[in-house]
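Listed here are the chains, written in short residue letters.
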Amino acid sequence: MLEETTLRLPKVITSGPLVFDNELPFRAFLERLPAGAYTCDADGLITYFNQHAVQLWGRKPTLNDPKDRFCGSFKLFAMDGSPILHDQCWMALALKNLREYNGHEIMIERPDGQRLTALAHASPIHNELGRLIGGVNVLVDISDRKRSEDALKEADRAKNEFLATLAHELRNPLAPIRAAVKILQIQSPTPESLSALDVIERQTRQMTRLIDDLLDVARITSNKLELRRERIELREVLKAAVETSRPLIEQRGHKLSVRSPSAPIHVDGDPVRLAQVISNLLNNAAKYTERGGRIWLSATRKGNEAVIKVRDTGIGISTEVMPQIFQMFTQADRTVHGSSGGLGIGLSLVKRLIEMHGGAITAQSDGPGKGSEFIVRVPTASASFSQPEILTEVGATESTKPIRILVVDDNQDSADSLGLLLKLLGNEVRVAHDGLEAVALANEFQPRVVLLDIGLPTLNGFEAAERIRQQPWGKQAVMIAVTGWGESVDRQRSKKAGFDYHLFKPVDPDVLTRLLQSL
Ligand code: ADP
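About the thresholds
Residues numbered from 1 in each chain as written. Predicted model: local features only at pLDDT ≥ 70, side-chain atom pairs only at ≥ 80, totals over all residues. Heavy atoms only, no water. Helix = DSSP H or I, 4+ residues; strand = E, 2+ residues; numbered from the N terminus. Buried < 20%, exposed > 50% of the residue type's maximum accessible area, 1.4 Å probe, protein only. Contact = heavy atoms within 4.5 Å. Areas by Shrake-Rupley, 256 points an atom, 1.4 Å probe, with all protein chains shown as cover. Near = heavy atom within 4 Å. Polar contact = N/O pair within 3.5 Å; in protein donor to acceptor, adjacent residues only side chain to side chain. Nonpolar A, V, L, I, M, F, W, Y, C, P; charged D, E, K, R; others polar. Phe/Tyr/Trp six-rings, centres within 6.5 Å; stacked < 30°, edge-to-face > 60°. Lys NZ or Arg CZ within 6 Å of the ring centre and 35° of its normal. Salt bridge = Lys/Arg side-chain N within 4 Å of Asp/Glu carboxyl O. Pairing = 2+ DSSP bridges. Axes fitted to C-alpha atoms, helices over the stretch in contact; angles between N-to-C directions. Core = buried A, V, L, I, M, F, W, Y, C linked by side-chain atoms within 4.5 Å.

Asks: Which parts of the structure should I look at to understand the overall build of the protein chain?
Replies: The helix and strand tally for the protein chain stands at 15 helices and 21 strands. Across the 519 residues that make up the protein chain, the buried fraction comes to 48%. In the protein chain, the share of contacts with a sequence separation of at least 24, taken over all contacts with a separation of at least 6, comes to 63%. Total accessible area computed for the protein chain in this model is approximately 25700 Å², and 53% of it derives from carbon and sulfur atoms.

Asks: Where do I start with the site of the ligand in this structure?
Replies: Surveying the vicinity of the ligand reveals 20 residues, the closest of which are Asn 284, Tyr 288, Gln 331, Gly 344 and Leu 347. Between an oxygen atom of the ligand and a side-chain N or O atom of Asn 284, the distance comes to 2.9 Å. Side-chain polar atom of Lys 287 to an oxygen atom of the ligand: 2.9 Å apart, as the coordinates give it. For the ligand, whose free accessible area comes to 530 Å², the fraction covered by protein is 97%. Elements that contribute at least two residues to the shell around the ligand include exactly helix 8 (271–287), helix 10 (346–356) and strand 16 (372–379). Residue composition of the shell around the ligand, grouped by class: 10 nonpolar, eight polar and two charged.

Asks: Just checking my understanding: could you explain the packing of aromatic side chains for this structure?
Replies: Centre distance and the angle of the planes are the two values used to describe a pair of aromatic rings. Evaluated as defined, the whole model comprises five aromatic pairs. Centroid distance Tyr 38 to Trp 57: 5.1 Å. Interplanar angle 65°. Geometry classified as edge-to-face. Of this pair, Tyr 38 sits in strand 3 (residues 36–41) while Trp 57 is found in helix 2 (residues 51–57), placing the two residues 19 residues apart along the sequence. Like Trp 57, Tyr 38 is buried. On the basis of an interplanar angle of 35° and a centroid distance of 5.4 Å, the ring pair of Trp 90 and Tyr 101 is categorised as tilted. Placement of the pair is Trp 90 in helix 3 (residues 90–97) and Tyr 101 in strand 7 (residues 101–109), with a sequence separation of 11 residues. The pair formed by Trp 90 and Tyr 101 is uniform in burial state, with each residue classed as buried. Counting every residue linked through ring pairs, the aromatic cluster contains Tyr 38, Phe 49 and Trp 57. When the ring centre of Tyr 101 is taken as origin, the NZ or CZ atom of Arg 99, which lies over that ring, is 4.1 Å away. Against the face of Phe 77 rests Arg 115, its NZ or CZ located 3.9 Å from the ring centre.

Asks: What is the right way to look at the pattern of salt bridges in this model?
Replies: Any two side chains of opposite charge can pair, so long as their charged atoms come close to each other. In the structure shown here, the tally under the stated rule is 23 salt bridges. Of the charged contacts, one joins Glu 233 and Arg 235 as a salt bridge, the two residues approaching to 3.2 Å between their closest N and O atoms. Overall, the relative accessible area of 29% leaves Arg 235 in the partly exposed class. For Glu 305, the salt bridge is made with Arg 377, and the minimal N-O distance between the two is 3.9 Å. With Glu 305 in strand 14 (residues 305–312) and Arg 377 in strand 16, this pair connects stretches of sequence that are 72 residues apart. Residue Glu 305 is classed as partly exposed on the basis of its relative accessible area, which comes to 31%. One network of salt bridges, in which partners are shared, links Glu 105, Arg 145, Lys 146 and Glu 149.

Asks: Would you mind showing me how to read the sheet that holds strand 13 (residues 294–302) here?
Replies: Backbone-to-backbone hydrogen bonds pair the strands of a sheet. The strands run either parallel or antiparallel. The strand order 11-13-14-16-15 describes an open sheet built from five strands, whose pairing is mixed. Each having just a single partner strand, strand 11 (255–259) and strand 15 (360–365) make up the two edges of the open sheet. Adjacent strand axes in the sheet meet at a mean angle of 15° when their direction is disregarded.

Asks: Please explain the nonpolar core as it appears in this structure.
Replies: Burial of nonpolar side chains together is a common tendency in soluble globular proteins. With 50 residues, the main nonpolar core has Leu 234, Ile 278, Leu 281, Leu 282, Leu 297 and Phe 374 as its most contacted residues. Counting 29 residues, the second largest nonpolar core, distinct from the first, contains Tyr 38, Ile 84, Ile 108 and Leu 132.

Asks: Looking at this model, I keep getting lost on the pairing of strand 9 (residues 132–141). Mind explaining?
Replies: The side chains of a regular strand alternate between the sheet's two faces. The element strand 9 is largely enclosed, with a buried count of seven among its 10 residues. The sheet contact formed by strand 3 and strand 9 spans six bridges and is antiparallel. Pairing of Ala 37 across the sheet is with Val 138, part of strand 9. As judged from the nine bridges shared by strand 8 (residues 115–126) and strand 9, these two strands associate in the antiparallel manner. The residue of strand 9 that forms the bridge with His 121 is Val 138. In this antiparallel pair of consecutive strands, strand 8 and strand 9, the connection spans five residues, and Gly 130 shows a positive phi of 85°.

Asks: Can you walk me through unusual backbone geometry in this structure?
Replies: For residues besides glycine, phi is generally negative; the peptide bonds are generally trans as well. Within the chain, Phe 70 stands out as a residue other than glycine whose phi angle is a positive 70°. Tracing the sequence through the fold places Phe 70 in the loop between helix 2 and strand 5 (75–77). Residue class for Phe 70 comes out buried when judged on its relative accessible area of 13%. Phi at Leu 98 takes a positive value of approximately 50°, unusual for a residue other than glycine. Here Leu 98 is to be found in the loop between helix 3 and strand 7.

If you want it as structure tokens, here you go:
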């Protein structure tokens, strides 16, 4: 039996402390609320609850019973699943701290084990004299909303996982295609077929870029984007970025001016990701500028910051679009660049990468047709310089002596096409498709260079490398690890296994040839 209480209608409900100043029964008011509601006295004993509260709790607590102090629910949990004692619930806190707690999520477990999620709104109640006389807690059941949210999150997670798998699978065929194109370019007799091969090469590059963006989106949304930091010189990053963007800039007939810093600027950053940032900005400048435009790239030091600017004479950015420019999937005008366009991911990725480096990026434009400028700032490091372990670009040298090379990859097309390409470039090449075969073949062939895929059957790349290094001839071999873009580089493991260099798939034939020439 519910007991009549002496609680009365509050004068002020939405702001300030709850104060009672007339005799209207409070219960009638709470009865009509479309939510669970209950009151406690100043000691936390329950003095009233409505029918909605009973539905939420799945039970009826005993009024004025110390066993049901502060809350009528069977058990309570925080949203992370940790249990909450009744004397730590929002009602208890409101009475103890004499303040309101509004809209806090809490999980209620009923005696039958069912769990519901509610929003608690707990407030202390004072009489006209300002004395604490109790508290009221209104519980809004949000279980359905929570379930929909969880379902959405799960669907989003599944979508991201699918995206990552898709990108990964799409990426694999690109390495053999690029190697096969190189082979045909070397052997191609006619200018027509050479130009056709150029088309395939350009488009494959473009596809690789799009797929890499897709992979990165999946990583951003699941917070799996990682930096591989090291002490780097900004000039090197600029050089790598320009190399990557040069084909597009040339294809669009633009003139690019690069102003590198006269003195070295060092940054503790991920060289691959920083080069990706700059080349992304350069590619955008090339894409969003009418043919034959101008692009400027510069890097300077300002105090403790490196400032990198990419400016163009292109279509510019309107003031309406400007605030959204760094948001994912923002594209001002899809018709401008047609098929050479992107996914509207580039700038949000750039922003995220720069922020991960502790820096910031801003954009400015005087409006449509007036060009754009993107300014990147990243903190500089002190002047000492350690050699990067991950290779992005290697300076060309003249020598082209034949080299004994062992290519190991479980993707047969990748291994065979790269092997054939290296052979056509005048080297002596053997190919293996798993770890054990690689070790056996290496012993027999004693290569000068071993290109080892890391994800191999029978014996992984690290184990194979260790075994090869143990051979007397293996001490002098140049070992190059090859990993998928998605795999993180375990440097400790890589060093222990004895790798000298690290390349990412798909291995760019040009980068590899230059590396070989430099040996
Ligand atoms: P995408 O290029 O794939 O569309 P981005 O995230 O790189 O995606 O760029 C988002 C949008 O910002 C572009 O669609 C374009 O409208 C605008 N934008 C980016 N860079 C420039 C630039 N240099 N000049 C004019 N507009 C640009």
